[in-house]
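Report on the structure
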Amino acid sequence: MKCVVIGSGSWGTALAQVLCDNKVHVTLWGKNKNEVEDVELHHQNSRFFPGVVLHPNLHATTDLTIVKDADVIVLSVPTIAVEEMCRKIDTLLEKSVIIVNTAKGFHPETNERMSEVIRHAMTHLSSVVSLIGPSHAEEVVLRMLTTICAVSQNKEDAICIQKLFSNDYLRVYRGHDEIGSEIGVALKNAIAVASGVLSGVGYGDNTKAALITRGLTEMIRYGVAMGGKQETFMGLTGIGDLIVTCTSKHSRNFQAGYEIGIHNSADYFWKNNKKTVEGVRTAKVVHEVAQKRGIEMPIINEIYKVLYEGKKPKDSAQELMLRDLKEEM
Ligand SMILES: NC(=O)c1ccc[n+]([C@@H]2O[C@H](COP(=O)([O-])OP(=O)(O)OC[C@H]3O[C@@H](n4cnc5c(N)ncnc54)[C@H](O)[C@@H]3O)[C@@H](O)[C@H]2O)c1
Ligand SMILES: O=P(O)(O)OC[C@H](O)CO
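Residues numbered from 1 in each chain as written. Chains lettered and ligands numbered in written order. Predicted model: local features only at pLDDT ≥ 70, side-chain atom pairs only at ≥ 80, totals over all residues. Heavy atoms only, no water.

1. Points about the UniProt feature "domain: Glycerol-3-phosphate dehydrogenase NAD-dependent C-terminal" (unreviewed entry) in the protein
Using the residue numbers shown here, the UniProt feature "domain: Glycerol-3-phosphate dehydrogenase NAD-dependent C-terminal" (unreviewed entry) corresponds to residues 177–316. When the span residues 177–316 is considered, its composition is 76% helix and 0% strand, and the gap between its end C-alpha atoms is 33 Å. (UniProt positions renumbered as here; feature names shortened; annotations may be inferred. Helix = DSSP H or I, 4+ residues; strand = E, 2+ residues; numbered from the N terminus.)

Dropping the structure here:
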């Protein structure tokens, strides 16, 4: 089986190394010449993993025509680039492939989930499998024990991807609730921005526990309204990914929120951010959809106001605390 991983950023590099460890034929494709040369010539990706030596058999290229030979194509680019990449790849393909999506979020204009975007953009497609869950690339590249989920409508292809990626440090489960899983991993990023904001403001562990618990309630409320299954949110693509992103120093969503909290304003973030922070756009999409459909999302609404309406984080936190008193569920 031949694999190509699209995206020589942190997650693409870490996943390509997993496949090398599993002795799978894999090539990493990147548009960024510096990242590609770093991997190909020096066995490192120093922009994302300073000091880490990558698997010696990991090869990288900027030539997209390598997808022609692939059976499995793993997409590890930000959500904003997924449709464009799919269209480019599709024009090069002569046979159908399994697309493994790893991006977490929604289409920038249509608000579609990633598997929907891929199905609409590609004709040479046997199925889409989302490989998602609590997994910071910085730890996977160091082979730290991690669990994720291969979620697909196609059980056979989910099993294929599960076997391809599983090894002694990466355990891959299977799932079939595409809606619930994709919504879970997208929304957790926006909640993680809020978690960072609250830490940056100076609140402690009680606040974080409250945010994670009430954030999960919002994820379930939204996910179920969109057709997902409630129990999915108790798994790796729900609470699992929410915990790791709301609490880890590696999370770019948490880090972005932390900066906003420290400055008690989103201005600094908007002027200076160069990282992939998916939760920022997800907060906008979810806020808009929830408003239209009448889904109660108080945390998402406040993080939206902080990000897009200049509301002060401390005022947002107070707003959440002083809302009408309610039953817990
Ligand atoms: N980093 C992680 O730990 C991790 C884990 C799980 C899932 N993800 C998800 O994976 C996706 C990719 O994130 P990442 O962390 O690898 O980001 P990253 O910022 O580390 O790397 C992004 C890569 O995509 C490339 N890229 C950006 N725009 C592009 C375009 N228009 N066309 C082609 N390539 C483009 C960049 O050059 C870079 O190589 C995100 O949706 C993220 O949520 C990341
Ligand atoms: O660095 P983040 O915040 O994009 O999180 C990375 C992964 O999604 C964690 O599972």
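Having seen the model, we can carry on.
2. Some thoughts on the packing of helix 3 (residues 79–92) against helix 4 (residues 114–121)
Helices that pack against each other are described as a pair by the angle of their axes relative to one another and the distance between those axes. At a minimum axis separation of 9 Å, helix 3 and helix 4 run at an interaxial angle of 25°. For the element pair helix 3 / helix 4, the angle class is roughly parallel. Viewed along their axes, helix 3 and helix 4 form a crossing whose handedness is right-handed. Residue-level contacts link T79, V82, E83, C86, R87 and D90 of helix 3 to M114, V117, I118, H120 and A121 of helix 4. Its residues placed into classes, the contact of helix 3 with helix 4 shows six nonpolar, two polar and three charged. (Axes fitted to C-alpha atoms, helices over the stretch in contact; angles between N-to-C directions. Parallel < 35°, antiparallel > 145°, perpendicular 65-115°, else oblique. Left-handed = near helix turned anticlockwise from the far one by under 90°. Contact = heavy atoms within 4.5 Å. Nonpolar A, V, L, I, M, F, W, Y, C, P; charged D, E, K, R; others polar.)

3. Focus: the pairing of strand 1 (residues 2–6)
By the criterion of burial, strand 1 is predominantly enclosed, with four of the five residues buried. When strand 1 meets strand 2 (residues 25–29), the two strands line up parallel, connected through five bridges. Bridge pairing in strand 2 places V4 opposite T27. Following the backbone out of strand 1, through helix 1 (residues 10–21) and into the adjacent parallel strand 2, one traces a crossover that is right-handed. Across four bridges, strand 1 lies against strand 4 (residues 72–75) in parallel orientation. When the sheet's bridge partners are listed, V5 is paired in strand 4 with V74. (Buried < 20%, exposed > 50% of the residue type's maximum accessible area, 1.4 Å probe, protein only. Pairing = 2+ DSSP bridges. Right-handed = clockwise from strand over helix to strand, strands pointing away.)

4. Observations concerning the packing of aromatic side chains
In the structure shown here, the tally under the stated rule is four aromatic pairs. With a centroid separation of 6.1 Å and 25° between ring planes, the pair formed by F254 and Y258 is classed as stacked. Within this pair, F254 and its partner Y258 are both found in helix 10 (residues 252–263), separated by four residues, close to a single helical turn. For F254, a relative accessible area of 10% translates into the label buried. Taking relative accessible area as the criterion, Y258 reaches 35% and is therefore assigned partly exposed. An aromatic cluster is defined as three or more aromatic residues linked by ring pairs; in this entry it consists of F269, W270, Y304 and Y308. (Phe/Tyr/Trp six-rings, centres within 6.5 Å; stacked < 30°, edge-to-face > 60°.)

5. Some points on the UniProt feature "active site" (unreviewed entry) in the protein
Per the UniProt record, the feature "active site" (unreviewed entry) sits at K188. Residue position: K188 is located in helix 7 (residues 178–201). The residues contacting K188, other than those within four sequence positions of it, are K104, M219, D241, L242 and T245.

6. Details of the site of ligand 2
Taken together, the neighbourhood of ligand 2 is formed by 13 residues, with K104, K188, D241, S251 and N253 sitting nearest. The side chain of K104 places a nitrogen or oxygen atom 2.8 Å from an oxygen atom of ligand 2. In this structure, N253 approaches ligand 2 through a side-chain N or O atom, which is 2.7 Å from an oxygen atom. For ligand 2, whose accessible area on its own is 310 Å², the fraction buried by protein is 92%. At the level of elements, helix 9 (236–247) and helix 10 are the ones that each hand at least two residues to the shell around ligand 2. In terms of residue count, the dominant contributor to the shell around ligand 2 is helix 9 (three residues). Taken together, the residues of the shell around ligand 2 sort by class into two nonpolar, seven polar and four charged. Of the domains in this structure, domain 1 (2–176) and domain 2 (179–321) are the two that each give at least three residues to the shell around ligand 2. (Near = heavy atom within 4 Å. Polar contact = N/O pair within 3.5 Å; in protein donor to acceptor, adjacent residues only side chain to side chain. Areas by Shrake-Rupley, 256 points an atom, 1.4 Å probe, with all protein chains shown as cover. Domains from an automatic or database assignment.)

7. Remarks on the sheet that holds strand 5 (residues 97–101)
Working definition: the strands of a sheet are paired by backbone hydrogen bonds and lie parallel or antiparallel to each other. Reading across the sheet, the eight strands line up as 3-2-1-4-5-6-7-8 and stay open at both edges, with mixed pairing between neighbours. Two strands close off the open sheet at either side, each with one partner strand: strand 3 (59–61) and strand 8 (170–175). For this sheet the average axis-to-axis angle between neighbouring strands, irrespective of direction, equals 25°. Across three bridges, strand 2 lies against strand 3 in parallel orientation. Considered in strand 3, the bridge of T27 is made with H59. Each of strand 1, strand 2, strand 4 and strand 5 is contacted by helix 3, which is oriented at about 155° to strand 4, the strand it contacts most.

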